[in-house]
Amino acid sequence: MNNFLPFFLLIPLLGLLMGFLGNNKQEKYIYWTSFISLMSNLTGLILLLILWRSSDHVSLFFKGPILYHAGETEFSINFFFDGYAFVYLLVSTLLTTLVAIFSRYYMHREKGYKRFFNNLLFFYIGLSTVVLAGNLETLFMGWEILGVTSFFLIGFYRERYLPVKNALKVVSLYRVADIALLMGIWISHHYFGHSINFVDFDSIGASSIHGNHHRFYEAIIPGLFLLAAMVKSGQVPFSFWLPRAMEGPTTSSAIFYGSLSVHIGVFLLIRTAPLWEDNIYFQALILLIGVATSITATLTARVQSSIKTQIAYSAIAQIGLMFIEVALGFYWLAMIHFASNAFLRCYQLLVSPSVLSYRIHDQFFNFTPPLPQKTASFFDKIKLSVYVLSVKEFNLDKIMYRFLWNPLKKIGNLFSFLDSKSTFFTALPLFFIGLYLVYHKSVLPNELLRFFPEVFAILGLVLILKSFVERKSSMASWCLILLNQLYLSLSIGLNEEFDFNQVHIYLSGILISGAMGIWVINRLSKAKEDTSLDQFHGHAFEYPRVAFLFAIACLGLAGFPITPTFLGEDLMLGHIHENQFPLLLLTVLNLILDGLVIFRIYSRLFLGHHNKGYHEVAYRSS
């Protein structure tokens with residue numbers, strides 16, 4: 001039975017590859033390819049359940065291919081199947097199949113029909129990877145796929161302003177969750193001294209711990225996983241992104257943000273429960289987050305005028321209750337709650353257009369004006385204040401922008417005095433000097449050399465901040481990202497003696513993806529197209545294949561799973577020592593900003609409405 005687990009990923013992957021062969025007009029071929037893939041998985045899952053019950057529900061584990069082996073750390077694709085995985089995978093497969101059937105007619109004659117179904121299958125592959133992951137590395141691969149498909153489906157109506165803007169906003173927060181999860185994996189490698197499979201999680205203990213500062217790591221590892229779960233599941237203070245994600249098609253909203261993807265944070269907490277379930281203070285923290293989210297989301301949902309926003313905040317409130325259940329140790333209750341909430345929210349979102357139409361007609365013929373609000377007593381004023389806060393969604397979006405993104409822009413603008421030419425002429429010689437020092441460390445005394453990793457990490461941060469605020473040239477912004485990645489490799493390379501093949505793996509992914517991106521931008525410039533970053537240009541209308549090629553380059557540069565960049569990032573992070581927190585913080589900031597800038601360049605170049613007159617011009621909102 002263990003050998004059956006990879007087929008739950010290979011079958012939809014085959015369907016995805018076959019879907020790429022069709023064109024947008026072949027709707028029957030595209031639909032049936034997706035439907036047969038999903039139904040095959042559903043049938044296989046039922047057969048696996050029958051066999052699994054006959055074996056007394058023993059957990060299944062599949063040891064997959066090893067991508068890279070370095071010391072005690074092993075990067076392999078492993079799969080793990082237990083009761084939690086079965087419930088989540090069964091609900092996911094059934095709902096995805098139902099949404100695919102619904103979308104056959106709902107998306108009929110839509111320009112992005114093929115794109116939608118390909119993204120739906122890609123999403124299902126990512127979700128199945130997370131659910132069936134046998135270790136943290138495999139889980140991270142699926143986690144990244146979920147983030148990428150979210151970006152493309154939120155910005156599905158790419159000719160409109162708000163879907164594209166909200167897609168960028170959501171992927172910005174997703175990047176924080178991705179790096180938090182990656183940091184958790186990195187620290188767990190230091191803590192345990194080797195990669196941990198989920199099948200061994202229940203048996204981990206003090207005997208498997210490696211290194212010092214046990215109590216600190218016992219708090220920081222689950223803390224990072226909790227941060228990733230909070231962002232992905234829209235818990236306070238990250239609740240505001242979920243309604244913004246509803247800009248995509250209703251069917252994708254139903255499957256992503258109403259039923260499946262938004263619950264993945266609960267699944268992550270259950271999977272990593274052995275790391276924190278004996279810590280009563282951490283349990284109290286999860287409980288408080290769930291209580292705060294349930295209260296704020298319930299108040300917000302009751303006063304919103306958009307039906308999708310109401311459903312989004314209602315789902316967030318229920319997920320907050322699931323966080324409470326998980327904190328109290330009621331994992332199976334949380335899974336039952338998840339299945340019930342997933343089916344309900346999916347149904348509500350699918351029928352929301354019909355309900356909205358009915359309510360509009362009902363209000364037209366049976367309108368009842370609201371009663372005037374009383375403001376005499378202190379209680380009435382408090383009530384109205386809470387009402388205003390709820391309407392404004394407790395200003396979480398503004399708070400996040402003011403204290404997270406706006407300071408980064410202000411810092412980036414401090415380096416506006418540096419033009420592109422002077423930056424490159426200064427940065428390139430410094431890079432070659434640093435590259436020489438990596439291979440000839442003996443030329444400098446150790447007292448001086450130990451400061452160089454942080455120095456090059458700071459220089460890399462300056463470059464990515466300048467790229468973050470660059471508006472004139474996409475080529476300059478793209479090249480600054482490449483320089484940032486090169487400086488990041490120097491900072492790790494100067495940190496200690498290790499196999500330089502790991503740096504070479506990282507740089508191979510960076511250089512190939514970077515060269516591909518330079519070719520694409522140069523292609524647009526030769527065609528006399530605008531490649532500035534001051535607005536959205538929508539070049540995907542004129543150059544769909546070039547847009548697809550640039551998307552691949554962006555994923556490769558951002559460290560998408562199984563790319564050389566991803567392997568190199570994971571390997572090199574292992575060479576940051578436990579006590580080098582300044583270097584770790586600088587590296588984390590670099591990785592977060594890299595992803596933000598890369599997705600921003602793609603959005604500005606290829607999304608939005610095209611400026612040519614024969615393309616349709618959409619309204620700002622859907």
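Definitions and cut-offs
Residues numbered from 1 in each chain as written. Predicted model: local features only at pLDDT ≥ 70, side-chain atom pairs only at ≥ 80, totals over all residues. Heavy atoms only, no water. Helix = DSSP H or I, 4+ residues; strand = E, 2+ residues; numbered from the N terminus. Rg over C-alpha atoms; globule rule 2.2 N^0.38 Å. Buried < 20%, exposed > 50% of the residue type's maximum accessible area, 1.4 Å probe, protein only. Phe/Tyr/Trp six-rings, centres within 6.5 Å; stacked < 30°, edge-to-face > 60°. Lys NZ or Arg CZ within 6 Å of the ring centre and 35° of its normal. 1 Å grid on protein atoms, 1.4 Å probe; cavity = no way out; pocket = protein on both sides within 12 Å on 5 of 7 lines; lining within 4 Å. Points joined across faces, edges and corners; volume = space filled by probe spheres on them. Nonpolar A, V, L, I, M, F, W, Y, C, P; charged D, E, K, R; others polar. Contact = heavy atoms within 4.5 Å. Disulfide = S-S within 2.5 Å. Axes fitted to C-alpha atoms, helices over the stretch in contact; angles between N-to-C directions. Parallel < 35°, antiparallel > 145°, perpendicular 65-115°, else oblique. Left-handed = near helix turned anticlockwise from the far one by under 90°.

Enquirer: Sorry if this is basic, but what is going on with the overall build of the protein here?
Expert: Per the secondary structure count, the protein includes 23 helices and 4 strands. Relative to a compact globule of 622 residues, whose C-alpha radius of gyration would be 25 Å, the protein shows 25 Å and is just as compact. Each principal axis of the C-alpha distribution contributes one length, and for the protein these read about 85 × 65 × 65 Å. The proportion of buried residues among the 622 residues of the protein is 58%.

Enquirer: Please explain the packing of aromatic side chains as it appears in this structure.
Expert: One pair of aromatic rings is described through two measures. These are the centre distance and the angle between the planes. Counted according to the given criterion, the structure contains 35 aromatic pairs. Both rings, one in Phe-431 and one in Tyr-487, keep their centres 6.4 Å apart while their planes meet at 40°; by these two values the pair is tilted. Here Tyr-487 lies in helix H19 (residues 474–493) and Phe-431 lies in helix H16 (residues 420–439), a separation of 56 residues in the sequence. The same class applies to Phe-431 as to Tyr-487, namely buried. In this structure an aromatic cluster arises from ring pairing among Tyr-31, Trp-32, Phe-35, Tyr-113, Phe-116, Phe-117, Phe-156 and Tyr-157. Between Arg-271 and the ring centre of Phe-198, over which it is positioned, the NZ or CZ distance is 5.7 Å. Residue placement shows Arg-604 over the ring face of Phe-536; its charged tip is 4.7 Å from the ring centre.

Enquirer: Explain empty space enclosed by the protein here, please?
Expert: The gaps left among the atoms become clear once a water-sized probe is rolled over them. Scanning all chains against the criterion turns up 6 cavities of 30 Å³ or more. Taken together, Glu-144, Gly-147, Val-148, Val-171, Tyr-174, Arg-175, Asp-178, Leu-555, Ala-558, Phe-560 and Phe-599 make up the lining of the largest cavity. Counting only elements with at least two residues in the lining of the largest cavity, the list comes to helix H5 (136–154) and helix H6 (161–192). Here the lining of the largest cavity is built from residues that sort into 7 nonpolar, 1 polar and 3 charged.

Enquirer: Explain the environment of Leu-389 here, please?
Expert: As for its placement among the helices and strands, Leu-389 is situated in helix H14 (residues 378–391). The exposure class of Leu-389 is partly exposed, given its relative accessible area of 36%. Expressed as a C-alpha distance, the spacing of Leu-389 and Leu-350, which sit 39 residues apart in the sequence, is 29 Å. When neighbours within four sequence positions are excluded, Leu-389 is seen to be in contact with Phe-394 and Asn-395.

Enquirer: How should I be thinking about the state of the cysteines in this particular structure?
Expert: Where two cysteines share a covalent bond between their sulfur atoms, that bond is called a disulfide. With the rule as written, the count across this model stands at 0 disulfides. Free cysteine: Cys-554, not disulfide-bonded; nearest cysteine sulfur from Cys-479 at 13 Å. Residue class for Cys-554 comes out buried when judged on its relative accessible area of 4%.

Enquirer: Could you clarify how one ought to interpret the packing of helix H3 (residues 83–106) against helix H9 (residues 250–259) in this entry?
Expert: For any two helices packed against each other, the geometry comes down to the angle between their axes and how far apart the axes lie. The contact between H3 and H9 brings their axes to 9 Å, and the two run at 160°. When the axis of H3 is compared with that of H9, the two are roughly antiparallel. Of the two possible hands of crossing, H3 and H9 adopt the one that is right-handed. Contacts between H3 and H9 involve Leu-95, Thr-96, Val-99, Phe-102, Ser-103 and Tyr-106 from the former and Thr-250, Thr-251, Ile-255 and Ser-259 from the latter. In terms of residue class, the contact of H3 with H9 is made up of 5 nonpolar, 5 polar and no charged.

Enquirer: Is there a simple way to explain the layout of surface pockets in this structure?
Expert: Roughly 1,700 Å³ of volume is contained in the largest pocket. Taken together, 50 residues make up the lining of the largest pocket; nearest its centre are Phe-20, Asn-118, Asn-119, Phe-122 and Phe-548. Elements represented by at least two residues in the lining of the largest pocket include exactly helix H1 (7–21), helix H4 (113–132), H5 and helix H21 (544–557). Taken together, the residues of the lining of the largest pocket sort by class into 32 nonpolar, 10 polar and 8 charged. Roughly 610 Å³ of volume is contained in the second largest pocket. Taken together, 17 residues form the lining of the second largest pocket, with Gln-304, Ser-305, Gln-310, Arg-359 and Gln-363 sitting closest to its centre. Mapped onto the lining of the second largest pocket, the elements with two or more residues apiece are helix H12 (307–327) and helix H13 (331–365). Its residues assigned to classes, the lining of the second largest pocket shows 8 nonpolar, 6 polar and 3 charged.

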